[in-house]
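If you want the building blocks of each chain, they are given just below.
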Amino acid sequence: MKDHELQVIKDYAALTYANKCAIELDVNKLLAILKDDRISQIVRDTVLIYVSHINIINETEDYE
């Protein structure tokens, strides 16, 4: 398998797991994904967006 193909598989696995963590609103697991140096920048950016959205949700719940 080529390096590019392996990177696509790693990124897909990371995004799949990130989606699961985002649905569960688990910021700690999402932050752990960011520590993995094997994922690409686009995956990191997506995970950061998930974290920021969860933080907004949590702040909104605090005001209710």
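Everything discussed here concerns the structure shown above.
Now for a description of the structure that goes with this document.

Right, let's get into the packing of helix H1 (residues 3–23) against helix H2 (residues 27–34). Between H1 and H2, whose axes approach to 8 Å, the crossing angle comes to 160°. Viewed along their axes, H1 and H2 adopt a mutual orientation that is roughly antiparallel. Both H1 and H2 take part in a crossing whose hand is left-handed. Counted together, Ala14, Tyr17, Ala18, Cys21 and Ala22 of H1 and Lys29, Leu30 and Ile33 of H2 form the full contact between these two elements.

By secondary structure assignment, the location of aspartate 11 is in helix H1. Buried charged residue aspartate 11 carries no salt bridge. Nearest counter-charge: arginine 44, at 8.2 Å.

The subject of this paragraph is H1. Helix length check: H1, at 21 residues, gives a terminal C-alpha distance of 30 Å against a target of 30 Å (1.5 Å per residue), a fit within 8%. Every buried residue of H1 is accounted for by Asp11, Ala14, Ala18, Cys21 and Ala22. All buried residues of H1 lie within an arc of 90° about the axis, which places them on one face of the element. Residues Tyr12 and Ile23 are exposed on H1 and point more than 90 degrees away from its buried face.

The next thing to look at is the pattern of salt bridges. The full count for this structure, using the stated rule, is 4 salt bridges. With a shortest N-O distance of 2.9 Å, arginine 38 and aspartate 36 are connected by a salt bridge. Residue classification places aspartate 36 among the partly exposed residues on the basis of a relative accessible area of 22%. Through salt bridges that share partners, Lys20, Glu24, Asp26 and Lys29 make up one connected network.

Moving on, we get to a nonpolar patch on the surface. A contiguous nonpolar surface patch, about 320 Å² in accessible area, is contributed by Met1, Leu6 and Ile9. Along the chain, the position of isoleucine 9 falls in helix H1.

Rules of the game
- Per chain, residues are indexed from 1 in the order of the written sequence.
- Local features in this predicted model are restricted to residues of pLDDT 70 or higher, and side-chain atom pairs are both shown and tallied only at a pLDDT of 80 or more, whereas totals for entire chains, interfaces and linings draw on every residue.
- Derived side-chain values reflect all non-hydrogen atoms in the structure, with water molecules and hydrogen atoms excluded from consideration.
- Lines fitted to the C-alpha atoms define the axes, with helices restricted to the stretch that makes contact. Angles between their N-to-C directions range from 0 to 180 degrees.
- Each helix is a run of DSSP H or I of at least 4 residues and each strand a run of E of at least 2, with the numbering of both proceeding from the N terminus.
- For classification purposes, an angle smaller than 35 degrees is called roughly parallel, one larger than 145 roughly antiparallel, one from 65 to 115 roughly perpendicular, and anything else oblique.
- In this scheme the handedness of a crossing depends on how the near helix is turned from the far one: anticlockwise by less than a right angle means left-handed, clockwise means right-handed.
- Only heavy atoms matter for contacts: two residues are in contact if any of them lie within 4.5 Å across the pair.
- The rule is simple: take the accessible area with a 1.4 Å probe, protein chains only, and divide by the maximum for that residue type; under 20% is buried, over 50% is exposed, in between is partly exposed.
- Only four residue types enter the tally: Lys and Arg on the positive side, Asp and Glu on the negative side; His and the chain ends are excluded.
- By definition, a salt bridge exists where a carboxyl oxygen of Asp or Glu is found within 4 Å of a side-chain nitrogen of Lys or Arg.
- Multiplying 1.5 Å by the helix residue count minus one yields the expected span of that helix.
- This arc describes the spread of directions from the helix axis toward the C-beta atoms.
- Here the term patch refers to residues with relative accessible area over 30% and no salt bridge, with like charges joined within 9 Å and nonpolar side chains (Val, Leu, Ile, Met, Phe, Trp, Tyr) within 5 Å.
- Only the protein chains shown count as cover for residues, and the accessible areas themselves come from Shrake-Rupley with a 1.4 Å probe.

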